[in-house]
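So the chains spell out like this:
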Amino acid sequence: MFGRRGKKSGKKSAAEAAEETPLARARAEEPAKEADRHRALGPWDASEDVPEYPRVDLGCLRVPVGERTQIRFDMMRNEQIVGVTLINDTSAVQVQAFAAPKTSGLWDELREELREQITGQGGKAEDFDGTFGPELRALVPVEGRTTEDGRQLGQRMRFIGVDGPRWVLRGVIRGEGAVKPEVMAQVEDVFQKIVVVRGDDPVPPREMLKIVVPKEVQEQIQAQRAQQAAQRKAAQEPQAPEAGEGAGAPAPDTGEQSRPAPPAS
């Protein structure tokens, strides 16, 4: 319909054909959606002919990695993962994938809800026709930061998103990628290379698809937490000062949130 990329090609074995589920067949028969024209070059669905590129498998997302790219897993206090942030030089983009109905339009609804939240906090949000279609460019208040005369300080952000086959991918861009045109293009290129793995499991619309932390990254996080715990314990233990000197200062807590990108699969 829009010159869209095709489904993955290749002959199936008899066993593969027998294992094909009715849900998978129904999805394959779905017509192209109007919103697909906004992702003619990506982001991609796992069922499509995806261009080769080094990516890390995070369950519902396969994200691109490069020499200067860091991956941060955004977690709540209960350690539930609520997003993945890709950091590159002076910009960052947080990405989240949500289940969606077969019809287009969920990104339109999410965008309006974001606008209400931002303006309700005293910020500003403007519509913009971007690379991926409608987006929001916003000035979002930063809690606890004001000028000397008491005026609220804000942070420039871009909220981008696309409707895919039964999913929506949303990106929140901060840093230079939200304000400088030449850097915007670099961040958009990262967003385009993402592959969404929706899966066949039934998931209610608007529910975030599950992000999985690779084993090697889990081990890095656990090792870092153990090191930080040891540092805190050492800082709490009384230390005998050396002659002519005061007691040693507590060891700093280096609680970094960024994790090095694991090897691409």
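Since this is a predicted model, take the numbers as computed values, not measurements. (Residues numbered from 1 in each chain as written. Predicted model: local features only at pLDDT ≥ 70, side-chain atom pairs only at ≥ 80, totals over all residues. Heavy atoms only, no water.)

## Re the pairing of strand β7 (residues 124-130)
Part 1 of the reasoning: Pairing between β7 and strand β8 (residues 133-146): seven bridges, direction antiparallel. From the neighbouring strand, Asp-127 faces β8, where its bridge partner is Leu-136.
Part 2 of the reasoning: Linking β7 back to β8 in an antiparallel pair, the connection comprises two residues. (Pairing = 2+ DSSP bridges. Helix = DSSP H or I, 4+ residues; strand = E, 2+ residues; numbered from the N terminus.)

## Quick look at the pattern of salt bridges
Side chains that differ in charge, positive against negative, can pair when their charged atoms come close.
Part 1 of the reasoning: Counting across every chain of the model gives twelve salt bridges.
Part 2 of the reasoning: The salt bridge partner of Arg-72 is Asp-74, with a shortest N-O separation of 2.9 Å.
Part 3 of the reasoning: The buried category is assigned to Asp-74, whose relative accessible area is 10%.
Part 4 of the reasoning: We note a salt bridge from Glu-112 to Arg-115, for which the minimum N-O separation is 2.8 Å. Of the two residues, Glu-112 and Arg-115 both sit in helix α3 (residues 106-120), three residues apart, roughly one turn of that helix.
Part 5 of the reasoning: For Glu-112, a relative accessible area of 35% corresponds to the partly exposed category.
Part 6 of the reasoning: Classification of Arg-115 as buried rests on a relative accessible area of 17%.
Part 7 of the reasoning: Overlapping salt bridges, with partners in common, bring together Glu-135, Arg-137, Arg-158 and Glu-188 in one network. (Salt bridge = Lys/Arg side-chain N within 4 Å of Asp/Glu carboxyl O. Buried < 20%, exposed > 50% of the residue type's maximum accessible area, 1.4 Å probe, protein only.)

## Some words on the environment of Phe-159
Part 1 of the reasoning: Take Phe-159: it is sitting in strand β9 (residues 152-164).
Part 2 of the reasoning: We classify Phe-159 as buried; its relative accessible area is 7%.
Part 3 of the reasoning: On a C-alpha basis, the gap between Phe-159 and Arg-170 in space is 7.3 Å, while along the polypeptide they are eleven residues apart.
Part 4 of the reasoning: With residues up to four places along the chain from it excluded, the contact list for Phe-159 reads Trp-107, Leu-114, Ile-118, Glu-135, Leu-136, Ala-138, Val-140, Gly-171 and Val-172. (Contact = heavy atoms within 4.5 Å.)

## Considerations on the pairing of β9
Part 1 of the reasoning: Inspection of the sheet shows β8 paired to β9 by seven bridges, in the antiparallel sense. Bridged to Pro-141 within β9 is Gly-154.
Part 2 of the reasoning: Remark: five residues form the turn of the hairpin made by β8 and β9, two consecutive strands paired antiparallel; Gly-150 in that turn has positive phi of roughly 90 degrees.
Part 3 of the reasoning: Inspection of the sheet shows β9 paired to strand β10 (residues 167-175) by seven bridges, in the antiparallel sense. Note that in β10 the partner of Gly-164 across the bridge is Trp-167.
Part 4 of the reasoning: Connecting β9 to the antiparallel partner β10 that follows it, the hairpin turn spans two residues, and Arg-166 within it adopts a positive phi of roughly 65 degrees.

## Here we look at helix α5 (residues 215-236)
The α-helix advances 3.6 residues per turn, and as a result positions three or four apart in sequence lie on the same side.
Part 1 of the reasoning: Taking 1.5 Å per residue, 22 residues should reach 32 Å; α5 reaches 32 Å between its end C-alpha atoms and fits that length.
Part 2 of the reasoning: Of all the residues in α5, the buried ones are Val-217, Ile-221, Gln-224 and Gln-228. The buried residues of α5 occupy an angular sector of 65 degrees when projected down its axis, which confines them to one face. The exposed set on the far side of α5, more than 90 degrees from its buried face, consists of Lys-215, Gln-222 and Lys-233. (Expected span 1.5 Å × (residues − 1). Arc of directions from axis to C-beta.)

## Let's talk about the sheet that holds strand β1 (residues 44-45)
Part 1 of the reasoning: In space, the four strands of this open sheet follow the order β1-β11-β3-β2, with mixed pairing throughout. Each having just a single partner strand, β1 and β2 (55-57) make up the two edges of the open sheet.

## A word on the nonpolar core
Part 1 of the reasoning: Residues Leu-61, Ile-71, Phe-73, Val-84, Val-95, Leu-169 and Phe-191 are the most contacted members of the largest nonpolar core, which totals 32 residues.
Part 2 of the reasoning: Elements that contribute at least two residues to this core include exactly β3 (61-64), β4 (69-75), β5 (81-88), β6 (91-99), β9, β10, α4 (181-192) and α5.
Part 3 of the reasoning: Looking at this core, the element that brings in the most residues is β6, giving four residues. (Core = buried A, V, L, I, M, F, W, Y, C linked by side-chain atoms within 4.5 Å.)

## Quick word on the packing of aromatic side chains
Part 1 of the reasoning: The full count for this structure, using the stated rule, is one aromatic pair.
Part 2 of the reasoning: Taking 5.0 Å as the distance between ring centres and 70 degrees as the angle between the ring planes, the aromatic pair formed by Phe-132 and Phe-191 counts as edge-to-face. Here Phe-132 is found in the loop between β7 and β8, whereas its partner Phe-191 is found in helix α4, with 59 residues between them in sequence. We note that Phe-132, like Phe-191, is buried.
Part 3 of the reasoning: Just above the ring of Phe-128 sits the side chain of Arg-137; from NZ or CZ to the centre is 3.4 Å.
Part 4 of the reasoning: The cationic tip of Lys-193 hangs over the ring face of Tyr-53; the distance from NZ or CZ to the ring centre is 4.9 Å. (Phe/Tyr/Trp six-rings, centres within 6.5 Å; stacked < 30°, edge-to-face > 60°. Lys NZ or Arg CZ within 6 Å of the ring centre and 35° of its normal.)

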